Amino acid sequence: MNRGNALSYPRYEVLCPVLKSCMNSSHGMACCFVFFKSTEAVAREGVTVFTFLLTDGGHIFSEDDWQQVAGVYRTLFKETMPVEIMGPQDGIESVSDTSHSEGDETDRPAPVDFRIVRSKCVVQLLLSQSVLDTVVMNYSRLSAGQVLCLSNLLEESYAFARDFNANSELRFALWRAGFMTQVPNLLKQETTCLQAYVQILFWLAADERSVEGSSPKELLLDTCQKFLAKYAEVCSSPRGKNGRDDARELGARTAIAIFMIEGLLHVSEEIFESVRQAFWGIFVTLLRVSESRNLRDAICDILDKRLSSTLVMDWDGSFSPDPRRPGDRRVLNFTVKDPNKTELMQKAVEEMDDVISAEFGEDRKNLRVLGNVPVADVIRKLDGFSSGSVFTSGGAVPFEHLQSRPVIAEEPDSGPASST
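Residues numbered from 1 in each chain as written. Predicted model: local features only at pLDDT ≥ 70, side-chain atom pairs only at ≥ 80, totals over all residues. Heavy atoms only, no water.

Trainee: Go over the pairing of strand β3 (residues 366-371) with me, naming the residues and quoting the values.
Mentor: With five bridges connecting them, strand β2 (residues 355-360) and β3 associate as antiparallel partners. Within β3, the position partnered with S357 by the bridge is L370. Two successive antiparallel strands, β2 and β3, enclose a turn made up of five residues, where R364 displays a positive phi of approximately 60 degrees. (Pairing = 2+ DSSP bridges. Helix = DSSP H or I, 4+ residues; strand = E, 2+ residues; numbered from the N terminus.)

See below:
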């Protein structure tokens, strides 16, 4: 019988209490652990059925039941965390390589059953998706504290995978021990758990319900700031020897970075005040070093829609007002890495609305733009010639002070070019 159809039958209302009783019993949980630690196929079935129970039957769960569910999730995450692979690098061996003598057993670490380890890795991924599905389907039934408790399990699984991925020596030791035919990583666990964790934090940060202890808003900003800062550092560093693997890992983390930045675009003004203070330097660095057009576009959206009305340094220039926008002009300074298309870039910028003039310096790398054009629009225009080659390095200051006072390029606080 199909699982989905079985759970939709009327007798499900009768079976659900029995399933909950089994879930809460030590014997039932022991059986679950046996299944989760055996084959990947059985593990998948176990998590799938457990998720169906919570998503389809959550409407008959009481407050105490959800407390039990949180406890079950906590136990499942703990018991299926593949901690065996974090042992001493020189002591890792497969159960198939236990040819040492019986007298040596007390001096050697227990061999690792890689079959069980792989099953545990699969279960961690399945549980992370199960938690997210459960929260999505039952958000209004769960207290904010229960949602935060479930999200913390995702954070712990993410932290474990992140630490493992950062330990190259351990990963190579596992590869030499026969764990996989290639150098292992927990990249999918790291990125899946992190994205689910951040998604739930975005929901909690917008929720008016209070949470005792840690603030979801602070957790959200701290998590995003640390990840984006580290991501910017990686983008700024030379590529390693494993070009293909490095590119794959960078691509996976780029998707997370975009997800975070797009989420920050829509947070409340109260939260964004902290974003404005803590993330500006990170955004500028990413505009300079990231090769991802989508990520740069996401940052430009924040510059255009959330920062344009607040990061302002208008100037009362000493020359005559321009009739197209009297009294509302600025000088913006941009640097391009590729000087081969400067004439085309200059012409394209000059043709933009609200641009009075655009001129490259003698080095053909620094472009000065006079007018009231949004910084994000200029970056997008220049990006069309050489993606990832433009960053802001000057600011909205009097023209005569431009050489002696380099500051960050900023947006106007009024006029049709601004948006809030």
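Trainee: Hey, could you go over the packing of helix α10 (residues 216-236) against helix α12 (residues 269-278) for me, with residue numbers and the actual values?
Mentor: Packed helix pairs are characterised by how far apart their axes lie and by the angle those axes make with each other. Relative orientation of the contacting elements α10 and α12 amounts to 30 degrees, with a least axis distance of 11 Å. In terms of axis orientation, α10 runs roughly parallel to α12. In this structure, α10 crosses over α12, and the sense of that crossing is right-handed. Between α10 and α12, the contacting residues are K217, L221 and Q225 on the first element and E270, I271, S274, V275 and A278 on the second. Of the residues assigned to the contact of α10 with α12, the class counts are four nonpolar, two polar and two charged. (Axes fitted to C-alpha atoms, helices over the stretch in contact; angles between N-to-C directions. Parallel < 35°, antiparallel > 145°, perpendicular 65-115°, else oblique. Left-handed = near helix turned anticlockwise from the far one by under 90°. Contact = heavy atoms within 4.5 Å. Nonpolar A, V, L, I, M, F, W, Y, C, P; charged D, E, K, R; others polar.)

Trainee: If you had to explain the packing of aromatic side chains to someone new, which residues and values would you point to?
Mentor: Throughout the structure, instances matching the rule amount to seven aromatic pairs. Judged by centre distance (5.0 Å) and plane angle (35 degrees), the rings of F61 and W66 are tilted. Taking 6.3 Å as the distance between ring centres and 75 degrees as the angle between the ring planes, the aromatic pair formed by Y139 and W203 counts as edge-to-face. In this pair, Y139 sits in the loop between α6 (114-138) and α7 (144-166) while W203 sits in helix α9 (residues 187-206), placing the two residues 64 residues apart along the sequence. Owing to a relative accessible area of 30%, W203 belongs among the partly exposed residues under this scheme. (Phe/Tyr/Trp six-rings, centres within 6.5 Å; stacked < 30°, edge-to-face > 60°. Buried < 20%, exposed > 50% of the residue type's maximum accessible area, 1.4 Å probe, protein only.)

Trainee: Give a description of a nonpolar patch on the surface that names residues and reports values.
Mentor: Among the surface-exposed residues, V136, M137 and W203 lie close enough to one another that they form a single nonpolar patch of about 270 Å² accessible area. With respect to the helices, strands and loops of the structure, V136 is situated in helix α6. Accessibility expressed as a relative area gives 46% for V136, which makes it partly exposed. (Patch = residues over 30% accessible without salt bridge, like charges linked within 9 Å, V, L, I, M, F, W, Y side chains within 5 Å. Areas by Shrake-Rupley, 256 points an atom, 1.4 Å probe, with all protein chains shown as cover. Salt bridge = Lys/Arg side-chain N within 4 Å of Asp/Glu carboxyl O.)

Trainee: Tell me about the confidence of the model for the chain, and please be specific about residues and values.
Mentor: Taken residue by residue, the chain gives an average pLDDT of 76. The fraction at 70 or more is 70%. In this model, residues 311-329 is a region of pLDDT below 50 whose contacts with residues beyond four sequence positions or in other chains number 42 contacts. Ignoring residues within four places in sequence, the model shows residues 393-420, a span with pLDDT below 50, making 85 contacts including any to other chains. (pLDDT = per-residue confidence, 0-100.)

Trainee: Describe the packing of helix α4 (residues 40-57) against α6, naming the residues involved and giving the relevant values.
Mentor: One can describe the packing of α4 onto α6 by two numbers: an axis separation of 9 Å at closest approach and a directional angle of 10 degrees. Judged by the angle between their axes, α4 and α6 are roughly parallel. The element α4 and its partner α6 pack so that their crossing is right-handed. For the pair α4 and α6, contact is made by E40, A43, R44, V47, T51, L54 and T55 and by R118, S119, V122, V123, L126, L127, S130, D133, T134, M137 and N138, respectively. Classifying every residue of the contact of α4 with α6 gives eight nonpolar, six polar and four charged.

Trainee: Account for the pattern of salt bridges, naming residues and giving values.
Mentor: The full count for this structure, using the stated rule, is 15 salt bridges. Taking the shortest distance from any N to any O, the salt bridge between R276 and E273 comes out at 2.3 Å. Taken together, the residues R276 and E273, both in helix α12 and three residues apart, mark about one turn of the helix. Judged by relative accessible area, which is 14%, R276 ranks as buried. By relative accessible area, E273 is classed as partly exposed at 35%. The shortest N-O distance in the salt bridge between D301 and R380 comes to 2.6 Å.

Trainee: Any chance you could break down the environment of V378 for me, citing the residues and the numbers?
Mentor: With respect to the element layout, V378 can be found in helix α16 (residues 375-383). Note on V378: relative accessible area 0%, which makes it buried. It is 8.9 Å that separates the C-alpha atoms of V378 and F334, two residues lying 44 residues apart in sequence.

Trainee: Which residues make up helix α15 (residues 342-350), and what values go with them?
Mentor: Looking only at α15, the buried set comprises T342, M345, Q346, A348 and V349. The arc enclosing the buried residues of α15, seen along the axis, measures out at 165 degrees, which places them on a common side. Looking at α15, the residues exposed on the side facing more than 90 degrees away from the buried face are E343, L344 and K347. (Arc of directions from axis to C-beta.)

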